[in-house]
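Summary of the model geometry
For reference, the chains in residue letters:
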Amino acid sequence: MSETGSNISVSMCPARVGYTKLGLNAKELEQFRKKAMKRACIYVSKYVKNNHDFENRTGRLQRAIHYTIMNKAKKGLLYVKESQAKVESKYGNYSYAPFVFNGTGIHGGKGYYDIVPRYAPYLKFKVDDRWVTTMHVTHPGSKADKSLEKALVATRGRVVEIYREEINKLLKSKVLV
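Residues numbered from 1 in each chain as written. Predicted model: local features only at pLDDT ≥ 70, side-chain atom pairs only at ≥ 80, totals over all residues. Heavy atoms only, no water.

1. Quick word on the pairing of strand E8 (residues 130-134)
One ladder, built from five bridges, connects strand E7 (residues 123-127) with E8; its direction is antiparallel. Across the sheet, the residue bridging to Lys-126 is Trp-131, located in E8. (Pairing = 2+ DSSP bridges. Helix = DSSP H or I, 4+ residues; strand = E, 2+ residues; numbered from the N terminus.)

See below:
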């Protein structure tokens, strides 16, 4: 998997909304769509970066949230660029974004898994302020973070407002011309 993400999707049908009756041509409609979709995508991506559920330690995962505009600005895609959300260790570079957004273990559809020491004779970690040493741990996994999906629901009203503002700007400019 190279990218994880959620779609921001707004469909605009000129005939249904009546843009042609308002005197808008195809070029003006496409410019309107691009401006409105860009503003909507920026708003939603900022919302996710500021209202996520995952624990932020380095800021990499927040900085890895991007958007792109597709299909003649009829659709926006909010996604996580995995190459920007990597942890580097002496054992290699690992992208952790899929584990955060898709979940792991039973939450990611793989079942329980064992964690065993690879480079030391035992595992050592803290539980309630005391150190525990063991040869293996059975881990159920981590739940998926649904921040992207939650942001789409939470910002829906503002996205509609953005489209209204952009169409009003366009119509005012048509009246003044």
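2. Some points on the layout of surface pockets
As a volume, the largest pocket reaches approximately 1,200 Å³. What lines the largest pocket is a set of 36 residues, and nearest its centre among them are Val-87, Tyr-94, Tyr-96, Phe-99 and Tyr-113. Sorting the residues of the lining of the largest pocket by element identifies helix H3 (60-63), strand E4 (86-89), helix H4 (97-102) and strand E6 (113-115) as the ones contributing at least two each. It is H4 that contributes the most residues to the lining of the largest pocket, four residues altogether. Of the residues in the lining of the largest pocket, the class split is 17 nonpolar, eleven polar and eight charged. (1 Å grid on protein atoms, 1.4 Å probe; cavity = no way out; pocket = protein on both sides within 12 Å on 5 of 7 lines; lining within 4 Å. Points joined across faces, edges and corners; volume = space filled by probe spheres on them. Nonpolar A, V, L, I, M, F, W, Y, C, P; charged D, E, K, R; others polar.)

3. A word on the nonpolar core
The biggest cluster of nonpolar side chains holds 25 residues, and the ones touching the most others in it are Phe-32, Leu-61, Val-80, Leu-148 and Tyr-163. Sorting the residues of this core by element identifies helix H2 (26-50), strand E3 (75-81), H4, helix H5 (147-154) and helix H6 (156-176) as the ones contributing at least two each. When residues in this core are grouped by element, the largest group, eight residues, is from H2. (Core = buried A, V, L, I, M, F, W, Y, C linked by side-chain atoms within 4.5 Å. Buried < 20%, exposed > 50% of the residue type's maximum accessible area, 1.4 Å probe, protein only.)

4. Notes on the pattern of salt bridges
Per the counting criterion, the structure on display carries eight salt bridges. One salt bridge connects Glu-166 with Lys-169, and the closest N-O pair in it is separated by 3.2 Å. A residue pair is termed a helical-turn pair when its members lie 3 or 4 positions apart in one helix, as Glu-166 and Lys-169 do in helix H6 at three residues. Relative accessible area serves as the criterion here: at 46%, Lys-169 is assigned to the partly exposed category. The network of salt bridges with shared partners includes Arg-39, Arg-158, Glu-161, Glu-165, Glu-166 and Lys-169. (Salt bridge = Lys/Arg side-chain N within 4 Å of Asp/Glu carboxyl O.)

5. Digging into H5
Those residues of H5 that fall on the buried side of the exposure criterion are Ser-147, Leu-148, Ala-151 and Leu-152. In an axial view of H5, the angular spread of the buried residues amounts to 140°, which keeps them on one side of the axis. (Arc of directions from axis to C-beta.)

6. Here's the deal with the pairing of strand E2 (residues 65-70)
In terms of strand pairing, E2 meets E3 through six bridges, oriented antiparallel. Looking at E3, one finds that His-66 is bridged to Tyr-79. Hairpin connection of E2 to E3: four residues between the antiparallel strands, including Asn-71 at a positive phi of 55°.

7. Comments concerning the packing of aromatic side chains
Using the criterion set out here, one finds two aromatic pairs in the structure. Ring centres of Phe-32 and Tyr-163 lie 5.8 Å apart, and the angle between their planes is 85°; on these two criteria the pair is classed as edge-to-face. Of this pair, Phe-32 sits in helix H2 while Tyr-163 sits in helix H6; the two residues are 131 residues apart in sequence, bridging distant segments of the chain. Judged by its relative accessible area of 4%, Phe-32 is buried. Ring plane angle 75° and centroid distance 5.9 Å describe the contact between Phe-54 and Phe-101, whose orientation is recorded as edge-to-face. Placement of Phe-54 in the loop between H2 and H3 and of Phe-101 in helix H4 is noted, with a sequence separation of 47 residues between them. With relative accessibility at 10%, the residue Phe-54 sits in the buried group. In this arrangement the basic side chain of Lys-124 is found over the ring face of Trp-131, its NZ or CZ atom lying 5.3 Å from the centre. Positioned over the ring face of Tyr-43 is Arg-158, at 5.8 Å from the centre of the ring. (Phe/Tyr/Trp six-rings, centres within 6.5 Å; stacked < 30°, edge-to-face > 60°. Lys NZ or Arg CZ within 6 Å of the ring centre and 35° of its normal.)

8. Regarding unusual backbone geometry
Backbone geometry at Asp-128 places phi at a positive 50°, although glycine is not the residue there. Position of Asp-128 among the secondary structure elements: in the loop between E7 and E8. By relative accessible area, which is 73% here, Asp-128 ends up exposed. Backbone geometry places Asp-129, a non-glycine residue, at a positive phi of 65°.

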